[in-house]
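Read off the chains here:
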Amino acid sequence: MSGKTWTVPSHVFSRDFEGECVILDLVRGEYFGLNAVGTTVWHALSQGETLEGISERITKEYEVSEEVAREDAERVIAELEKCGLVATST
Amino acid sequence: MRWLGELRTEGKLLFRIGREGDLLVAEWPGLATLKAARDGTAIRFEAEPGVSPIVSEKIRKGLAGALVRSIHGELGLHASAVANEEGAFAFLGPSGSGKSTTAAYLANEGDSFLADDIAWIRRVGVTWHVVPTEAHAFLDEASVHELRVAGDVSQDGKHRVAQGRAARHEMPLRVLFVLGFSDHHEPVARRLRPPEAMGYLIPQIVRFVLDEPAVFRGEFEKLGLMLENVPVVLFLRRKDWTTLPSLRAWIRAFSGEQT
């Protein structure tokens, strides 16, 4: 995933509630809830961060090792890709 | 005719929504049809021949009315609702979770009745009001027996029970309760975090336009705004009549917190 970034399709909309994000797929009519770490990943990824940048954010915000942060980021991104909520941009 | 969504119970089609050109169409098979132009004009509700006035009136005042209002951006939820001097309380939950019975019970205890199964929720500044839409509760045999009330029996076997204390004015919504059953002896009430609450509320939105992403987004944003001001509480109790008074106590407790 190194150097790769992601985009959020125009039919996907999100809203934060007290630090947790709910994502809505407007075409399929489905919704997804993210926990705090997932929300951090979502915001970083929406802002064009690479996997390295996203992992760094998690490391700083949750005081976890780089390894754990990277695993968390990869897991969340894989799930978002699987659900069609993000697409690879480069 | 293009059908876009349907509701079935045990394989039986109960309701469906679709489009016929520019027309939005809702059909209760064998009972009634509602058609409206996409701009909310040319509204036409027709009950099938032989359908009892009780059933057609319930559909017209309940879901059909909410579908029409939804075209104009109004928020309707599949929920019952009552009001006391503190404001309105709405009750959501899957079919059979006791929405109608709960509202009828609370109305019997002195609250005003606002809605049996469709709550019209209107934004007024930063508050959200429940507008009275229905003056009858539709109860099953067991509920009628336990609540010691009487009413006409409609085609679907439900008893239509007039609510003497039907509300006449809209009331500010204080709490949305999500009803459910559990095996625990004591009822449990837990305030839901907004993302959790969204999961319960989104499927309960009354929607006539199913194929326009912008409309869905508008509904989602509206719910989001409402959750900034209205707490959602998951209330689980044993499937037992003796647990209903505890819900009343919780309502009192939550309404006290909100005021």
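A. Representation of the overall build of chain B in the model. On a plain count of helices and strands, chain B comes out with six helices and 17 strands. By the compact-globule yardstick of 18 Å for 259 residues, chain B fits well, its C-alpha radius of gyration being 18 Å. Reported as C-alpha extents along the three principal axes, the dimensions of chain B are approximately 50 × 40 × 35 Å. Sorting the 259 residues of chain B into buried and exposed places 50% on the buried side. Sequence-distant contacts in chain B: of pairs separated by 6 or more residues, those separated by 24 or more amount to 63%. Entry remark: accessible area of chain B is about 11,900 Å², with carbon and sulfur atoms responsible for 50%. One way to put it: in chain B the 32 positive side-chain charges average out to a point 2 Å from where the 33 negative ones average out.

B. Representation of the interface of chain A and chain B. In this assembly, 14 residues from chain A lie in contact with 16 residues from chain B. Taken together, both faces of the contact between chain A and chain B bury some 1,400 Å²; the carbon and sulfur share is 76%. The interface formed by chain A and chain B holds two salt bridges in total. Residue Arg15(A) is joined to Glu228(B) by a salt bridge in which the shortest nitrogen-to-oxygen separation is 2.9 Å. There are three residue pairs in polar contact (both at pLDDT 80 or more) connecting chain A and chain B.

C. Highlighting helix α1 (residues 36–46) of chain A. Residues and elements named next belong to chain A. With eight of eleven residues buried, α1 is to be regarded as a mostly interior element. By the burial criterion, the buried members of α1 are Val37, Gly38, Thr39, Thr40, Val41, Trp42, Ala44 and Leu45. If you follow the buried residues of α1, they end up packed against β1 (6–7), β2 (12–17), β3 (20–25), α2 (51–62) and α3 (66–82). One side-chain oxygen of the residue at the start of α1 lies 3.3 Å from the amide nitrogen of Val37, identifying that residue as Asn35. Gly48 lies just past α1 and shows a positive phi near 85°.

D. Geometry of the pattern of salt bridges. All names here are of chain B. Taken as a whole and judged by the stated rule, the model has 29 salt bridges over all chains. Here Arg217 ties to Glu221 by a salt bridge, and the two come within 3.6 Å at their closest N and O atoms. Pair noted here: Arg217 and Glu221 are both in helix α5 (residues 213–229), with a separation of four residues, about one helical turn. Here the residues in one salt-bridge network are Arg2, Arg19, Arg38, Asp211 and Glu212, joined through shared partners.

E. Local environment of the packing of α2(A) against α3(A). Residues and elements named next belong to chain A. Two elements in contact, α2 and α3, have axes separated by 8 Å at closest approach and are oriented at 120°. When the axes of α2 and α3 are compared, the pair comes out oblique. Note that α2 runs across α3; the crossing there is right-handed. Contacts between α2 and α3 involve Leu51, Glu52, Ile54, Ser55, Ile58 and Thr59 on the former and, on the latter, Glu66, Ala69, Arg70, Asp72, Ala73, Glu74 and Ile77. Looking at the contact of α2 with α3 residue by residue, the class counts come to six nonpolar, two polar and five charged.

F. Representation of the packing of α1(A) against α3(A) in the model. Residues and elements named next belong to chain A. One can describe the packing of α1 onto α3 by two numbers: an axis separation of 10 Å at closest approach and a directional angle of 75°. On the basis of their axis angle, the class for α1 and α3 is roughly perpendicular. Contact residues: α1 offers Val37, Gly38, Val41, Trp42 and Leu45, while α3 offers Asp72, Ala73, Val76, Ile77 and Leu80. Residues of the contact of α1 with α3, tallied by class, amount to eight nonpolar, one polar and one charged.

G. Just the confidence of the model for chain B, in detail. Of the residues in chain B, 98% reach a pLDDT of 70 or more, and the chain-wide mean stands at 90. For this predicted complex, the interface confidence score (ipTM) comes to 0.74, while the overall pTM stands at 0.87.

Basis of the calculations
- Residues numbered from 1 in each chain as written.
- Chains lettered and ligands numbered in written order.
- Predicted model: local features only at pLDDT ≥ 70, side-chain atom pairs only at ≥ 80, totals over all residues.
- Heavy atoms only, no water.
- Helix = DSSP H or I, 4+ residues; strand = E, 2+ residues; numbered from the N terminus.
- Rg over C-alpha atoms; globule rule 2.2 N^0.38 Å.
- Buried < 20%, exposed > 50% of the residue type's maximum accessible area, 1.4 Å probe, protein only.
- Contact = heavy atoms within 4.5 Å.
- Areas by Shrake-Rupley, 256 points an atom, 1.4 Å probe, with all protein chains shown as cover.
- Lys, Arg positive; Asp, Glu negative; His and termini not counted.
- Charge placed at Lys NZ, Arg CZ, Asp CG, Glu CD.
- Buried area = accessible area lost by both parts, 1.4 Å probe.
- Salt bridge = Lys/Arg side-chain N within 4 Å of Asp/Glu carboxyl O.
- Polar contact = N/O pair within 3.5 Å; in protein donor to acceptor, adjacent residues only side chain to side chain.
- Axes fitted to C-alpha atoms, helices over the stretch in contact; angles between N-to-C directions.
- Parallel < 35°, antiparallel > 145°, perpendicular 65-115°, else oblique.
- Left-handed = near helix turned anticlockwise from the far one by under 90°.
- Nonpolar A, V, L, I, M, F, W, Y, C, P; charged D, E, K, R; others polar.
- pLDDT = per-residue confidence, 0-100.

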